[in-house]
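Each chain is listed here by its residues.
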Amino acid sequence: MHRYDLVVVGSANADLVVGVERRPAAGETVLGSDLAVHPGGKGANQAVAAARLGARTALLARVGDDDHGRMLREVQRAAGVDTSGVLVGGAPTGVALITVDPSGDNSIVVSPGANARLSPEDVRTAAPLLAAARVVSLQLEIPLETVATAVAAVGPDTRVVLNPSPPAALPAEVLAACDPLVVNEHEARFLLGDDPAARSEDPAAWAASLRSRGPRSVVVTLGAAGALAADDRGAVRVPGVPVAAVDTTGAGDAFTGALGWRLGVGDDLATAVRFAVRVGAAAVTRPGAQQSFPTAEQVAAL
């Protein structure tokens, strides 16, 4: 019944990356390294991360009829992703402008381009693709109405994973479908708003308050400190894996892609998060986003 472990509905971007000694302040100019162009976008990143680990993966996205779009489709196919759901046209391919400092931390500005044209009608047309998935993973670099349409189209036997990035207020019906809602500290505090839990330093408090708003489960990613998984079984803190970070670009997407795959093959939430933490740690040890994503063998070696 399920041809895919994971179907990702989301963005595909060309990442334009410059290394800097430090990120500029307002009104300041700094010199950087030579420009590097890499495949990226949260949706495309998650699809490649899962496929490289061995997942049966498909991507529903939209790119431009341009060099960046052709590059993105080729990289997806090379990773083993089914690209029959990658639509072409409507606007230039989305672009992310990324600066990376010597510690590996990054700042990102995204021009959505064709991602903003991935429509609810595109999702309805792709209904057979969604019906063939054990897990559907989404983010917010595409229109929120498109995300809501995808959530509504998912059948009762398909699990929804949502990373609300960049953060935005979510409709109740979208929150209720999340299993899990995957957030970092910034996203958690945004969604909590003026909730007293937002002032806490305890990720378990954020997760508990977020779960009270409808999600069936919540995962809070904590960077080098690991992650926290919260569902009906309780909250489990998963420690990080010590590594020498080179570039954190795409690490959260590697985590979420790995998480979606392991949930799709039957792992419970805490077990899936433990594996995803290792995948995210492996991803930061090399530069770039998709090119840094590990295979299952590399994760085992870590």
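Quantities reported herein were computed from a predicted structural model and do not represent experimental measurements. All residue numbers refer to position in the chain's written sequence, counted from 1. Only residues with pLDDT of at least 70 are given local features in this predicted model, and only at 80 or more are side-chain atom pairs given and counted; all residues enter the totals for whole chains, interfaces and linings. The side-chain figures draw on all heavy atoms in the structure; neither hydrogens nor water molecules are used.

(A) Quick peek at helix α2 (residues 67–79). Every helix listed is a DSSP run of H or I at least four residues long, and every strand listed is a run of E at least two residues long, numbered separately from the N terminus. Here the expected span of a helix is defined as 1.5 Å times the quantity of residues minus one. With 13 residues, α2 ought to run about 18 Å at 1.5 Å a step, and its terminal C-alpha atoms sit 19 Å apart, in line with that. For α2, every residue scored as buried is listed here: Gly69, Leu72, Arg73, Gln76 and Ala79. On an axial view of α2, the arc spanned by its buried residues comes to 130°, and they lie on one face. In α2, the exposed positions that point more than 90 degrees away from the buried face belong to Asp67 and Ala78. When checking whether two residues touch, look at their non-hydrogen atoms; a contact exists if any pair is within 4.5 Å. Tucked inside the fold, the buried residues of α2 contact β2 (13–19), β3 (36–40), α1 (42–53), β4 (57–63) and β5 (82–88). At the C-terminal side of α2, glycine 80 shows a positive phi close to 100°. The buried label applies to any residue whose accessible area, calculated with a 1.4 Å probe on protein chains only, is under 20% of its type's maximum; exposed applies above 50%, and partly exposed to all values in between. Each C-beta atom gives one direction from the helix axis, and the arc is the one those directions make.

(B) Structural context of the layout of surface pockets. Buriedness of a pocket was judged along seven lines, with at least five required to meet protein on both sides within 12 Å; pockets are open sets of points on a 1 Å grid over the protein atoms alone, cavities are sets where a 1.4 Å probe fits but cannot get out, and lining residues have an atom within 4 Å of a point. Grid points are joined across faces, edges and corners, and a volume is the space filled by probe spheres set on the points. Approximately 1300 Å³ is the volume found for the largest pocket. In this structure, the largest pocket is lined by 46 residues; those nearest its centre are Asn184, Thr248, Gly250, Ala251 and Gly252. Of all elements in the fold, only β2, α1, β6 (94–100), β7 (106–111), β10 (178–183), α7 (185–192), α9 (251–264) and α10 (269–283) reach the threshold of two or more residues within the lining of the largest pocket. With 5 residues, the single largest contributor to the lining of the largest pocket is α9. Val17, Val18, Gly19, Ala36, His38, Val100, Val246, Asp247, Pro287, Gly288 and Gln291 together form the lining of the second largest pocket.

(C) Structural context of the packing of α7 against helix α8 (residues 203–211). Helix axes are fitted to C-alpha atoms over the stretch in contact, other axes to C-alpha atoms as well, and angles between N-to-C directions run from 0 to 180 degrees. Closest axis-to-axis distance for the α7/α8 pair is 10 Å, and the angle between their directions is 45°. In terms of axis orientation, α7 runs oblique to α8. Crossing angle aside, the handedness with which α7 passes α8 is left-handed. For the pair α7 and α8, the contacting residues are Glu185, Ala188, Arg189, Leu191 and Leu192 in the first and Trp206, Ser209 and Leu210 in the second. Roughly parallel covers angles under 35 degrees, roughly antiparallel covers those over 145, roughly perpendicular covers 65 to 115, and oblique covers all other angles. Each helix crossing is assigned a hand: it is left-handed if the near helix lies turned anticlockwise from the far helix by less than a right angle, otherwise right-handed if that turn is clockwise.

(D) A look at empty space enclosed by the protein. The tally for this structure, following the rule as stated, stands at 1 cavity of 30 Å³ or more. Ala12, Ala44, Leu59, Ala61, Val63, Leu72, Arg73, Gln76 and Val86 together form the lining of the largest cavity. Every element with two or more residues in the lining of the largest cavity is listed here: β4 and α2. Of the residues that constitute the lining of the largest cavity, the class distribution is 7 nonpolar, 1 polar and 1 charged. Throughout this entry, Asp, Glu, Lys and Arg are counted as charged residues, while Ala, Val, Leu, Ile, Met, Phe, Trp, Tyr, Cys and Pro are counted as nonpolar. The remaining residues, Gly among them, count as polar.

(E) Quick look at the side chain of aspartate 5. Locating aspartate 5 in the fold gives a position in strand β1 (residues 4–9). Setting aside chain neighbours within four positions, we find aspartate 5 in contact with Ala55, Arg56, Arg134, Val135, Trp261, Gly264 and Val265.

(F) View of helix α5 (residues 144–153). For α5, the set of buried residues is Thr146, Val147, Thr149, Ala150 and Val151. Close packing links the buried residues of α5 with α3 (120–125), α4 (127–131), β8 (133–139), β9 (159–163) and α6 (172–177).

(G) Seen up close, the environment of alanine 176. Note on placement: alanine 176 falls in helix α6. Classification of alanine 176 by relative accessible area gives partly exposed; the value is 35%. Considering only alpha carbons, one finds alanine 176 and arginine 211, 35 residues apart in sequence, at a separation of 9.1 Å. Excluding anything up to four places from it in sequence, alanine 176 contacts Gly214 and Arg216.

(H) Spotlight on the pairing of β1. Of all 6 residues in β1, 6 are buried; the element is thus mostly enclosed. A pair of strands is considered paired only if DSSP assigns at least 2 bridges between the two. In the sheet, β1 pairs with β8 via 5 bridges, with the strands oriented parallel. Bridging across to β8, valine 7 finds its partner in valine 136. Of the strand pairs in this sheet, β1 and β4 are connected by 4 bridges, and their pairing is parallel. Paired with valine 9 across the bridge in β4 is leucine 60.

The analysis is restricted to geometry; functional conclusions fall outside its scope.
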